[in-house]
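Residue-level listing of the chains:
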Amino acid sequence: MHWTITAAGARLAVDQGPSALGNTAIYRDGTGTIRSRRPTADLPLLPYERLHLPHAATCIARSPESNPSRRHES
């Protein structure tokens, strides 16, 4: 997992490897900071960016099934 800084200045965790299913473009800026943004029709993926999935989309530790204390009983 990589921690990135979004265009809005927030921190976002993304999966380490690129993914064809990704919806977050990441790149390193001139200082080496990993930046992320959401590509749009007006600003599509640029040649130096790679698509990654946000870590929250794939993290099994966050799923209620993997953590009994987070399960909701009906």
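Because the structure is a prediction, the values reported are computed rather than measured. (Residues numbered from 1 in each chain as written. Predicted model: local features only at pLDDT ≥ 70, side-chain atom pairs only at ≥ 80, totals over all residues. Heavy atoms only, no water.)

Caption draft 1: Spotlight on the overall build of the protein chain. Per the secondary structure count, the protein chain includes zero helices and five strands. Along the protein chain, from the amino end to the carboxyl end, the secondary structure elements read β-β-β-β-β. In the protein chain, which comprises 74 residues, the share counted as buried stands at 24%. Within the protein chain, residue pairs in contact and separated by at least 24 positions form 44% of the contacts whose partners lie at least 6 positions apart. (Helix = DSSP H or I, 4+ residues; strand = E, 2+ residues; numbered from the N terminus. Buried < 20%, exposed > 50% of the residue type's maximum accessible area, 1.4 Å probe, protein only. Contact = heavy atoms within 4.5 Å.)

Caption draft 2: Focus on the sheet that holds strand S1 (residues 2-6). Pairing is mixed in the open sheet, where five strands are placed in the order S2-S1-S4-S3-S5. Across the chains shown, the open sheet's two edge strands, defined by having one partner strand only, are strand S2 (11-14) and strand S5 (50-52). If you compare each strand with its neighbour and ignore which way they point, the axes differ by 45° on average. As judged from the four bridges shared by strand S3 (residues 24-28) and strand S4 (residues 34-37), these two strands associate in the antiparallel manner. Each bridged residue has a counterpart across the sheet, and for Ile26 the counterpart in S4 is Ser36. (Pairing = 2+ DSSP bridges. Axes fitted to C-alpha atoms, helices over the stretch in contact; angles between N-to-C directions.)

Caption draft 3: Focus on the pattern of salt bridges. Evaluated as defined, the whole model comprises two salt bridges. In this structure, the salt-bridge partner of Asp29 is Arg35, at a minimum N-O distance of 2.9 Å. On the basis of relative accessible area, Arg35 is assigned to the partly exposed category, the value being 28%. Among the salt bridges present, the one from Glu49 reaches Arg37, with a minimum N-O distance of 2.7 Å. Of this pair, Glu49 sits in the loop between S4 and S5 while Arg37 sits in strand S4, and the two are 12 residues apart along the sequence. Residue Arg37 is classed as buried on the basis of its relative accessible area of 15%. (Salt bridge = Lys/Arg side-chain N within 4 Å of Asp/Glu carboxyl O.)

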